[in-house]
Structure formats: C-alpha cells, structure tokens
Amino acid sequence: MEKISTIGLPTSGRTAAWNALYASQMSQVEFTPVDKQGFGAELSIGTLGPVKLAKLTMDSYSVERSKDHINDKRPRIYSLLLQAKGSSTLHHCGHESNMSEGDFVLIDTGLPHFFDTKDFSVTIMVRVLPSLLREYLPTPEQFSGLRLGHAVGLVGTLGAMVESLSESVGNGISADHEDRVARHLLEMISMSYTAGFDISDESAVLWRRRNDVISFIESNLRDPGLCASSIATSLNLSPRYLRSVFSVSGEKISAFILRRRLEECARQMRNPAWNGHTLTEIAFSWGFNSAAHFTRCFRDKFGMAPREYRSVATNAHN
C-alpha cells in the first residue's frame, strides 16, 4: 500500500501541507487538527480490484468537505467508513451519527459532510464508484450518513473483513484474485445493510431525487429566502412532487431546513475561531432573520439558550 504521512513536514504550515497531500490522493477537504503544528497523521492507500481501501491514522481532528470542495473535477465516490479506533461524530445528509469502535457509516462525497473526532482516531475507508455500489446496494441514498452499529447483524464480521483487507492489500492477495475478493466484500456490505436496516420499498428514483434536493439545500442554506417553493422553482419541480420526494425520509422539508441551520449555528458556536462573532451574526449568517425566532428554535432543539450553549462549549475547550 502507498503511504503518506506528516513525517518530514515542517511544524509551520503543517496543516496546509497535510491538506494538500490528502487532496492529491483522496478528496479535497479541510482538516483542522486540535494541535495544528504537532499533530501526526498517516494515510495508507491500496486497491482491491475495482475498490479502493484507505486507512487514516491521525491525532484528534475535524475535517470538512464543503460545497466549494465538491466543485473539483473528480468522479463522485461512495465511501464506507469504519471507525476502527477512537470515536467521532459525522454530520451528513441531515443526519448526525455518533461513531464508536466497530461502527460503519456511508458517505456520499458528492454531498457536504463534517467529521469530528474526539481523540486519536483510526478510520478505514472502502471507496466505490456509485455505478458499482448500486449493483449491491440499489439505493445507497437511503443510508448515507446513517450509523450502522457494530453490534448489528453481520457488522462485526464486516468490520473484521475490512480491517484484515486493509492490512493485506498489496501484500498477500494476488492480482488474479483481487476482483473476486472485492465482490465478496461488496456482497458482505450489502448483506450487512440489508440486515441492519429496514429496506424501504420506495422508488430508488425518489431517493436519488431527494439527495439532489438535499444538495441544493446544503448549497443554499445561508439564503434567508430558502423554502419549499424556492427549491421547487429552482429545480423545476412541482411543489407536490417535491413533497413526495422528501416524504421518503419522514421529515418535512421546512423542518429539515430549520434543523440544518440550527446544527450549523451550534457547530460554529462550538468553534473557538468564531468566539469574536456575536450570536446574532452567526444566526443571521445561516439564514435566520430574527434573533428572537432563532433563540426560541435553538432552545427547543438543544434545551438551552444559545448564550448558555456557547458558554458550555467554551468551558469544555478550556
């Protein structure tokens, strides 16, 4: 397997250098290590027939793939991520998944996501082109951002298989057998998701269209005028069809927009880099146009006022 690491990188500008290295091998993202100068990281990459395996070992960090990163020219990829060591939280497709060792989550790199680790972390990624994954998991849109727990069904076996393959790729599997092993891995992924979730009978077309809507929402979340009617107009959909597209998730589109805005405000309030900005500035930057409405909605969701939430987060960092 090919390896890149922080060994030899200067302490000054180490974060920027690591981001550039990662982007050259994987996807364009922005890493923010807790220790921006002294952190250590290693990325091992190998191929298994049509599947790419990548193992990331890194000190505590967060990583974001924003809409600006998605403008690059690389093909869309699905990445099945195994939390091999440590714990983390992933925000993706409107879901928040708290990951512990042995858990999996499916990430669509064509949509924004934010990943935050709590400590030293090892993650292993199985990266697959959408056309191939759909042969085994016809509607991956149903599962993007949802945690697949380590104690569910075949997940423990899948985890052991992924960890073993990440160590043996390029060092024990002959090229003649790689395609067959990759197919077995994809079949195990399919069985794990089938056993771990209730597979919806809804049309795959609706799930794919829903992800198009989510992508539009994420790209325009800061727009105060964002609403169901503006989305329908922009995407050339009838309001009725838009409601049916979004109904497969069981959440109204207005509730989804409000929740995502509140989540982004809370994330920004937890970030020390935003301590110099007022709560109103943060709220208005995410599409709210009333401080009172923001405070009321924030309290309903998080159980405390924004000022108290920020104070708790600040004390946790100190």
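What counts and what doesn't
Residues numbered from 1 in each chain as written. Predicted model: local features only at pLDDT ≥ 70, side-chain atom pairs only at ≥ 80, totals over all residues. Heavy atoms only, no water. Helix = DSSP H or I, 4+ residues; strand = E, 2+ residues; numbered from the N terminus. Rg over C-alpha atoms; globule rule 2.2 N^0.38 Å. Buried < 20%, exposed > 50% of the residue type's maximum accessible area, 1.4 Å probe, protein only. Contact = heavy atoms within 4.5 Å. Areas by Shrake-Rupley, 256 points an atom, 1.4 Å probe, with all protein chains shown as cover. Pairing = 2+ DSSP bridges. Axes fitted to C-alpha atoms, helices over the stretch in contact; angles between N-to-C directions. Expected span 1.5 Å × (residues − 1). Arc of directions from axis to C-beta. Parallel < 35°, antiparallel > 145°, perpendicular 65-115°, else oblique. Nonpolar A, V, L, I, M, F, W, Y, C, P; charged D, E, K, R; others polar.

J.: Quick rundown of the overall build of the chain? Include the residues and the values.
T.: Helix and strand counts for the chain come out as 11 helices and 12 strands. Over its C-alpha atoms the chain spans a radius of gyration of 20 Å, differing by no more than 12% from the 20 Å that the globule rule assigns to 318 residues. With the principal axes as the frame, the chain shows a C-alpha extent of 65 × 50 × 35 Å. The buried share among the 318 residues of the chain stands at 48%. Looking at the chain alone, contacts between residues at least 24 apart form 72% of all its contacts between residues at least 6 apart. Working note: accessible area of the chain is about 15000 Å², and carbon and sulfur atoms make up 51% of it.

J.: Residues and numbers for the sheet that holds strand 5 (residues 61-65), please.
T.: Within a sheet, neighbouring strands are paired by backbone hydrogen bonds and run either parallel or antiparallel to one another. The 5 strands lie next to each other as 2-5-10-7-8, forming an open sheet whose pairing is antiparallel. The sheet terminates laterally at strand 2 (30-33) and strand 8 (95-99), the two strands that pair on one side only. Averaged over all pairs of adjacent strands, the angle between their axes in this sheet comes to 10°, without regard to strand direction.

J.: Got a sec to walk through helix 8 (residues 253-270)? Specific residues and values, please.
T.: With 18 residues, helix 8 extends 26 Å between its outermost C-alpha atoms, agreeing within 8% with the 26 Å of an ideal straight helix rising 1.5 Å per residue. With 14 of its 18 residues buried, helix 8 lies for the most part within the structure.

J.: I'd love a proper account of the pairing of strand 10 (residues 113-117), names of residues and values included.
T.: Within strand 10, 4 of the 5 residues are buried, which leaves it mostly tucked inside the rest of the structure. As defined by bridge partners, strand 5 adjoins strand 10 across 4 bridges and the pair is classed as antiparallel. The partner of S62 across the bridge, within strand 10, is D116.

J.: Help me get a handle on the sheet that holds strand 9 (residues 104-108), residues and values and all.
T.: If you trace the 7 strands from one edge of the open sheet to the other, you get 1-3-4-11-6-9-12, paired in antiparallel fashion. Each edge of the sheet is formed by a strand with only one pairing partner; in this case those strands are strand 1 (2-5) and strand 12 (147-148). One ladder, built from 7 bridges, connects strand 6 (residues 78-85) with strand 11 (residues 121-128); its direction is antiparallel. Residue L80 lies in a different strand from strand 11, and its bridge partner there is V126. Running over the sheet, helix 1 (residues 14-25) touches strand 1, strand 3 (41-48), strand 4 (51-58) and strand 11 and is turned about 160° from strand 1. Set on the sheet, helix 3 (residues 155-168) makes contact with strand 3, strand 4, strand 6, strand 9, strand 11 and strand 12; between it and strand 6 the angle comes to about 95°.

J.: Quick rundown of helix 10 (residues 291-302)? Include the residues and the values.
T.: Its 12 residues give helix 10 an end-to-end C-alpha distance of 16 Å, which sits within 8% of 16 Å, the value for a rise of 1.5 Å per residue. Every buried residue of helix 10 is accounted for by F294, C297 and F298. Taken down its axis, helix 10 places every buried residue within 105° of arc, on the same side. Exposed residues pointing more than 90 degrees away from the buried face of helix 10 are listed as A292 and D300. Looking one or two residues beyond helix 10, the residue adopting positive phi is G303, at roughly 80°.

J.: Can you explain the packing of helix 8 against helix 10? Please cite residues and give values.
T.: Packing of helix 8 against helix 10 leaves a shortest axis separation of 10 Å and a crossing angle of 85°. Of the possible angle classes, the one that applies to helix 8 and helix 10 is roughly perpendicular. Residues L258, R259, L262, E263, C265, A266 and M269 of helix 8 form the contact with helix 10, whose own contacting residues are F294, C297, F298, K301 and F302. In terms of residue class, the contact of helix 8 with helix 10 is made up of 9 nonpolar, no polar and 3 charged.

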